[in-house]
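Here's the letter readout for the chains.
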Amino acid sequence: MTEKKANWSVLLGAAFLMATSAIGPGFMTQTATFTTSLGADFAAVILFSILMSYVAQLNVWRVIAVSKMRGQDIANKVLPGLGYVIAILVALGGLAFNIGNVGGAGQGLNVIFGIDIRIGAAIGGLIGIIIFSSKSASTAMDKLTQVLGAAMIILIAFVAIKTKPPVGEAVASAVVPKGGYNSIIPATLTLIGGTVGGYIVFSGGHRLIDAGIVGEEHLPDVNRSASLGVLVAFIVRVLLFLAILGVTKMANADIDPDNIAASSFKAASGIVGYKIFGIVFASAAFTSVVGAAYTSVSFLKTLFKPVAERENLVTILFIVVSTIIFIFIGQPQTLLVVVGTLNGFILPITLAVILVASKKKSIVGDYKHSNLLFVLGWIVVAITAFMGIKTLIGNLGL
């Protein structure tokens, strides 16, 4: 009975680690921006992106569990040397986005307490350092992501109820968007990357490996955890969308185009709403700092022995570097753009590797991977590859 409870705690932790890694400051800004530009049609974007994210997640987590190997090790088995390339890309992407996460912590604490953003960023980094300084870092990480994840859902739900959004219109638009399906393609592609792009799709799967929840006998547990992770990200996205959609329908709502999410929460519930935004934004940042650091380092530890021997120390250094860069340089836009472009290619490459691995006996043994998941996975690879190419062309100005 104790083992079952421990397993469920880890499964819940892995699910929330994945979900809260996705729910960062960029997630909130993204959702707010697309809601104001697309209106109720953003419901269709959420629906289609979450379905494709779910396909990617199930494929990746199941193959990781059955092979008992992390993403980089699977890649090296498929094509020697590829795992090193993917690990470095993921770590660089994680570092760049963690600078933004630390900055988000600073912004959230600035809204709540009025402190300087750089001091807030330092506090955000310090929380991550405390987590990984603990002897039971994994347990502390699980608890932090679960508690803050639940808090975000409750607080955003409160604001969503206050704004009285047109739920019926949103449901209808989720199936048949008023602007047509072509109008939602760019936003859909962006959201897939934000939900399972880069390191995010591997975060929970790597956590399950660390906890020893692997092997074909644990696939039902893996499915439950993966499903819960996507469900939590979906619920938060829907609630945030509804909260902001409700504000856009309010008469005389004062929306700041430079900070749509914060001003929407303020329009919904005054100063209380504004403080709730600060708590949600800071919580999203704290959990993303932890998730990005943990998963980025987990991609390096099986390839570089010194990292494996001092995993927690390297994770702490990862957070320290992110924090120092933000405090002294800010968010280096060029780095973020370049790494963001590379990150756009990580999901189609890694998912393609996982799909190839799913049919290799030398990796998965006698396990028979679902043909439906396999086919749907390749469809997601094609769509996300298109997203990466489109992003690259856009950034190069071609």
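Preceding block: the structure.
Criteria and thresholds
Residues numbered from 1 in each chain as written. Predicted model: local features only at pLDDT ≥ 70, side-chain atom pairs only at ≥ 80, totals over all residues. Heavy atoms only, no water. Phe/Tyr/Trp six-rings, centres within 6.5 Å; stacked < 30°, edge-to-face > 60°. Buried < 20%, exposed > 50% of the residue type's maximum accessible area, 1.4 Å probe, protein only. Lys NZ or Arg CZ within 6 Å of the ring centre and 35° of its normal. Axes fitted to C-alpha atoms, helices over the stretch in contact; angles between N-to-C directions. Helix = DSSP H or I, 4+ residues; strand = E, 2+ residues; numbered from the N terminus. Parallel < 35°, antiparallel > 145°, perpendicular 65-115°, else oblique. Left-handed = near helix turned anticlockwise from the far one by under 90°. Contact = heavy atoms within 4.5 Å. Nonpolar A, V, L, I, M, F, W, Y, C, P; charged D, E, K, R; others polar. 1 Å grid on protein atoms, 1.4 Å probe; cavity = no way out; pocket = protein on both sides within 12 Å on 5 of 7 lines; lining within 4 Å. Points joined across faces, edges and corners; volume = space filled by probe spheres on them. Polar contact = N/O pair within 3.5 Å; in protein donor to acceptor, adjacent residues only side chain to side chain.

Chemist: Residue-level account of the packing of aromatic side chains, with values.
Modeler: According to the stated counting rule, one finds 8 aromatic pairs in the structure shown. With a centroid separation of 5.9 Å and 25° between ring planes, the pair formed by Phe 34 and Phe 42 is classed as stacked. Judged by centre distance (5.9 Å) and plane angle (65°), the ring pair of Phe 265 and Phe 277 falls under edge-to-face. The exposure classification of Phe 265 matches that of Phe 277, with both residues buried. Clustering of aromatic rings is evident, with ring pairs tying together Phe 34, Phe 42 and Phe 241. Sitting over the face of the ring of Phe 27, Arg 237 holds its NZ or CZ atom 3.8 Å from the ring centroid. Cation over ring: Lys 266 sits above Tyr 274, and NZ or CZ is 5.2 Å from the ring centre.

Chemist: Describe the packing of helix α12 (residues 260-298) against helix α14 (residues 311-329), with residues and values.
Modeler: Taken N-terminus to C-terminus, the directions of α12 and α14 make an angle of 130°; their axes are 9 Å apart at the nearest point. It follows from the interaxial angle that α12 and α14 lie oblique. Relative to α14, α12 is oriented so that their crossing is right-handed. Taking contact as the criterion, the partners of Val 289, Ala 292, Ala 293, Tyr 294, Ser 296 and Val 297 in α12 are, on α14, Glu 311, Val 314, Thr 315, Phe 318 and Ile 319. Residues belonging to the contact of α12 with α14 are distributed by class as follows: 8 nonpolar, 2 polar and 1 charged.

Chemist: I'd like a description of empty space enclosed by the protein, backed by residues and values.
Modeler: Leftover empty space is mapped by rolling, across the atoms, a probe with the size of a water molecule. Within this structure, the stated rule accounts for 1 cavity of 30 Å³ or more. Of the volumes computed, that of the largest cavity is approximately 40 Å³. Taken together, Phe 27, Ile 46, Ser 49, Ile 50, Thr 195, Ala 233, Phe 234 and Arg 237 make up the full set of residues lining the largest cavity. Secondary structure elements with two or more residues in the lining of the largest cavity: α3 (42-67) and α11 (219-248). Of the residues in the lining of the largest cavity, the class split is 5 nonpolar, 2 polar and 1 charged.

Chemist: If you had to explain the side chain of Thr 145 to someone new, which residues and values would you point to?
Modeler: Here Thr 145 shows up in helix α7 (residues 137-163). You can call Thr 145 buried: its relative accessible area is 0%. Engagement of the side chain of Thr 145 in a polar contact is seen with the backbone oxygen of Asp 142, the distance being 2.9 Å.

Chemist: Quick rundown of the packing of α3 against helix α10 (residues 200-210)? Include the residues and the values.
Modeler: Relative to each other, α3 and α10 sit at 25°, their axes nearing to 9 Å. As the angle between them shows, α3 and α10 are arranged roughly parallel. When the axes of α3 and α10 are compared, the crossing they make is right-handed. Residues Ala 56, Gln 57, Val 60, Trp 61 and Ile 64 of α3 form the contact with α10, whose own contacting residues are Val 201, Phe 202, Gly 204, Gly 205, His 206, Leu 208 and Ile 209. Its residues placed into classes, the contact of α3 with α10 shows 8 nonpolar, 4 polar and no charged.

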